[in-house]
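Overview (structure and organization)
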Amino acid sequence: MKTITKMTLCACAGTLAMAAALPAMAQEIAPQTAQDTNSNDNSVLSGEIVVTAQKRQENVQNVGIAITAYSGDQLRALGIQRSADVASFSPGVSISGSLAGQNTQFTIRGVVQNDFNDIVEAPNAVYLDEGYIAIAQGQSFAVFDIDRVEVLKGPQGTLFGRNATGGLIHYISHLPSLSKWEGYADARYGIMDSTGHPGVFTLEGAVGGPLSDKIAVRAAGRWNKQDPYLKNLYPRGAVGAAPGPGAGADLGNDDTLAGRFTILLEPSSTTQFILSANGSRSKVNTGPYTQKATIAQFDANGELINVLDVGPNETRASIGVPGGPRVINGDAGSDLNNDGIFGGPGEIYGRAPGADFFGYRAPDPKTRTLSSDFAFKNQGHVDTWGANLRAKFELNDNLTLSSVTDYKNFKKLLFIDVDAGPANQLANYGNVDAESFTQELRLNGKADRLNWAAGVYFLHIDNLSNNGLKAPLNGLVPGNPIDIASIGHLKTTSYSAFGQVDYDFTDQFRMIVGARVIREKKDYDFVQKLFISPDPMAIQPAQTVPGFPLTIGPTYPGGVPTPYADKDAQTLWAGKVQFEYRPADGTLLYFGVNRGVKAGSYNAQLNGGLATPDSAIRYGAETLWSYEGGFKLSMLDNKLRLNGAVYYYDYKNNQSFLFTGVAGLVINADARTYGAEISLQANPIPGLDVALTFSQFDAKVKDVPLRVGGPIRKDLKPTYAPETQASGIIRYGWDMFGGEMAANANVSYSSSFFYNLRNFDADKFGGFANVDLGLNWTSASKMFELGLRVDNATNKLIGLQGYDLAGLCGCNEVSYRLPRTFSVRTRVSF
């Protein structure tokens, strides 16, 4: 992986050399701008938001894209702490992910990829300061010292460099100031409404300013320390000995330290460099999954057709049709052996009433308690760091050259208890060592009625993923302690050229045409191995046991593949044609056709379940044709903004994640979606902000096998895609105590959604309405702030992520958002 680091240094050096060769020009580079300061008194949502959705600075109301944008002040007022929090206030956007929320990623208008393996790239791209986050599970990070965030919905592949099939989220950090030294310190302490009243402490700060009239610096950091909010009652209900010292730790903690250092250099009025370095480290306990008892249901042919919640009097291991394969008294048995065969040798029939296979009845999840054996303190970690160099050269009044060089390094090792209960059965770990390098060169030009952008983009990802099952010491799995590792090494190299032209035929009528051509190469190696691994806190120690590590071949139970290697090259294209009409000031109507694309790739499935043929490891490219029309209205001197859009998606070879047994595969299946969304922002009187959003869509994945090679079900709903979402924000500020007092209420609603593509009855979270309340005082000088806040004020149990394991443990593992949290915060700005 050292090659990428060398490439980064060379590219940075090349960009600096280019600057030295350019003469000084006359036009000043536009400063970074998030929000017009000419806003209503005591108002947060008023004023213009300036975005760069089309690679140039524009008022968000003048861009023919469905965009949700928030300034840094608005993010703070909404209480947004993590990258995924913006989904609650962005119509049509939700979150998916894995590891009980320790990794999250975005779903936009039903476009989702929830494979938990780290070699997968998401179809909804996330950027930080124009740098692409290549690891899907790296989309979750702390939000601090942010100037603004832009959420763009619909395919954005023409101008953005990577995998924006469904849309993208772009976070832009604050730049240093060349005019003054400034900064802030912000501290928050909260108490969660859970057993033991766990606390959460967050400290954030930034400071920066000029070192001369041409160079400025800024340093920013954030520390979050959260106590576990799930009380572990282990060894209650224990089956088998403990998996190691310290088993039974409380779950749901976080200890994250993150920082960023930025240098702004403007050697002339037409040349600008922004160099930043960032890093973070997180320490967490085992993933905070709980469980609920579930039961598999089979048809007369022995095909799994549904999974149900277990009733209090249910005593069957699974439901079978009398006379069906291996069915005894209506019970089709278990799949404890993890070979995909229910009721086979060594399996059990029956269960304790209302319990999982091991007799465990999980506590009511509203109590925020569980009994989990494989639960250890500070077992997992995520470490990231990166460097980013942005350069801009104004070659003349009408032509600008931009360069974006970005490097990211991502390492993690996270664990979960597979059965999320007290039986010493199996654990799952996700381990990755990955790095990415991107380089973009872009020209922006303008003429009388013409704006255009053209450029080239390079990407290289080197990703070593090890996702496996751990059979802990003293456990129920024969041959323990072992790690059953699925090791995938994927190298991706991508080259693309792109361009977009905006032409104004008249002052009212504009046409936009854009395209991107991509050449992508992949080199993949995949193997499954057995390791002797007695330490529950680690994976794959140095081996001294003869015969280990053991490469798993087709003779191993489960019929897993032999070592697999493949290379592939694809040529892809994305495009855009759009028409915009502005009949009056403050009015925009638009209609466009977009073609989004994401390259095919490879699976790295876990061992177990039914045999996976080699042909299922590789999956093809997906293509999304989007047809969208919308409007944007700004009225009453920008005090009222009303935006809406309707769209239809035709999805070819949608890359859908099919989870069966304990393993999952990405498959290709056609899909379609149609929907609409509307948003309103109003400032009817000074100090009063009102924002309302609503989103509704109907999405179907057309032909989904119940298992690889199995029967087809038609018209299933995509995962983590609530069809109805709504949010409301109301905030009122008034003069008080020599400053401003502001009260706000944020309400978000989401309908139910499935977390398994097969849409079984038990694999579903119910709808919810979440309420956050706040009260904040700011001094007249804006120097001091004090605030009180209640998140999840009604203490709703809100589903987050889940997995169907009805055959393995007679249960589903499920996780939930944080309980009600009371917090107080203070901020000092200077």
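As a convention, each chain's residues are numbered from 1 in the sequence order in which they are written. Reporting of local features is limited, given that this is a predicted model, to residues whose pLDDT is at least 70; pairs of side-chain atoms are given and counted only at 80 or more, and all residues count toward the totals for whole chains, interfaces and linings. Based on all heavy atoms of the structure, the side-chain values leave hydrogens and waters out of the count.

Turning to the overall build of the protein, a few remarks are in order. Numbered from the N terminus, helices here are DSSP runs of H or I no shorter than four residues, and strands are runs of E no shorter than two. Counting secondary structure elements, the protein contains two helices and 44 strands. With the principal axes as the frame, the protein shows a C-alpha extent of 80 × 60 × 50 Å. Whether two residues touch is decided by their heavy atoms; if any such pair falls within 4.5 Å, the residues are in contact. Counted over contacts in the protein with a minimum sequence separation of 6, partners at least 24 positions apart contribute 69%. In this tally, Lys and Arg are treated as positive and Asp and Glu as negative; His is ignored, and so are the chain termini. A charged residue contributes its charge at one atom only: NZ of Lys, CZ of Arg, CG of Asp or CD of Glu. Charge centroids of the protein, computed over 72 positive and 80 negative side chains, lie 0 Å from each other.

The side chains of a regular strand alternate between the sheet's two faces. Burial runs high along strand β21 (residues 399–417): 17 of the 19 residues are buried. The criterion for strand pairing is that DSSP finds at least two bridges linking the strands in question. Note that strand β20 (residues 380–396) and β21 share 15 bridges and pair antiparallel. Pairing of N396 across the sheet is with L399, part of β21. Hairpin remark: β20 followed by β21, antiparallel, with two residues in the connecting loop. Summarising the sheet, β21 and strand β22 (residues 427–446) pair through 19 bridges and their orientation is antiparallel. Its bridge partner being in β22, D406 is matched across the sheet by T438. Partly exposed residues are those whose accessible area sits between 20% and 50% of the maximum for their type, while under 20% is buried and over 50% is exposed, using a 1.4 Å probe and protein chains only.

With that settled, consider the sheet that holds strand β3 (residues 66–71). The strands that make up a sheet pair up through hydrogen bonds in the backbone, lying either parallel or antiparallel. In spatial order, the strands read β3-β8-β9-β6-β7; together these five strands make up an open sheet with mixed pairing. The strands lining the two open edges of the sheet, one partner per strand, are β3 and β7 (131–132). Taken together, the six bridges between β3 and strand β8 (residues 146–153) define a ladder with antiparallel strand orientation. Opposite I67, over in β8, you have L152 as the bridge partner.

Attention shifts here to the confidence of the model for the protein. Counting all residues, the mean pLDDT for the protein is 89, and 91% of those residues have values of 70 or more. For every residue, the predictor reports its confidence as pLDDT, a number between 0 and 100. Note on residues 1–40: pLDDT is under 50 here. Beyond four places in sequence and across chains, it has 93 contacts. Counted against residues more than four places away or in other chains, residues 554–560, with its pLDDT under 50, gives 16 contacts.

Both strand β10 (residues 182–192) and strand β11 (residues 199–210) contribute to a ladder of ten bridges, which runs antiparallel. Bridged to Y189 within β11 is F201. In sequence, β10 turns back onto β11 through a hairpin of six residues, with G196 there showing a positive phi of about 85°. Two strands pair when backbone bridges link them, and β11 and strand β12 (residues 215–226) are joined in this way by eleven bridges, in the antiparallel orientation.

Right, let's get into the state of the cysteines. In protein structure, a disulfide is the covalent linkage between the sulfur atoms of two cysteines. When two cysteine sulfur atoms lie within 2.5 Å, the pair is treated as a disulfide. Per the counting criterion, the structure on display carries one disulfide. Here C809 pairs with C811 through a disulfide, and the sulfurs are 1.9 Å apart. Every disulfide takes its handedness from the sign of the S-S torsion; for C809 and C811 that torsion is -85°, giving left-handed. Neither residue differs from the other here; C809 and C811 are each classed as buried.

Before going further, it helps to examine the pattern of salt bridges. Salt bridges are defined by distance alone: a side-chain nitrogen of Lys or Arg within 4 Å of a carboxyl oxygen of Asp or Glu. Counted under the stated rule, the structure contains 45 salt bridges. Among the salt bridges present, the one from D566 reaches R618, with a minimum N-O distance of 3.4 Å. Remark: R618 occurs in strand β30 (residues 618–619) and D566 occurs in strand β27 (residues 564–581); sequence separation between them is 52 residues. Here D772 makes a salt bridge to R789, at a shortest N to O gap of 3.8 Å. In this pair, D772 sits in strand β40 (residues 768–779) while R789 sits in strand β41 (residues 784–791), placing the two residues 17 residues apart along the sequence. For the residue pair D772 and R789, the accessibility class agrees, reading buried in each case. Three or more residues joined by partner-sharing salt bridges are found here, namely D73, R76, D186, E785, R825 and R827.

Turning to the environment of A241, a few remarks are in order. Mapped onto the fold, A241 is located in the loop between β13 (231–232) and β14 (254–268). Look at A241 and you get partly exposed, because its relative accessible area is 39%. Linking A241 and V690, residues 449 residues apart in sequence, is a C-alpha distance of 56 Å.

The next subject is unusual backbone geometry. Each neighbour pair has its own omega, and for Y234 with P235 the value is 20°, a cis peptide bond. Within the secondary structure, P235 sits in the loop between β13 and β14. Between N480 and the following residue, P481, the backbone shows a cis peptide bond with an omega angle of 5°. You can see P481 is positioned in the loop between β23 (450–471) and β24 (482–504). If you check the backbone angles, R326 has positive phi at about 55° while not being a glycine.

What follows concerns the nonpolar core. We call a set of buried Ala, Val, Leu, Ile, Met, Phe, Trp, Tyr and Cys residues a nonpolar core when their side-chain atoms join them within 4.5 Å. Among the nonpolar cores identified, the biggest contains 44 residues, and L469 and Y524 are the most heavily contacted of them. Among the secondary structure elements, those contributing two or more residues to this core are β21, β22, β23, β24, β25 (509–532), β32 (640–660), β33 (663–682) and β42 (799–805). By size, the runner-up hydrophobic cluster in this structure holds 25 residues, among which are L75, L128, I146 and Y171.

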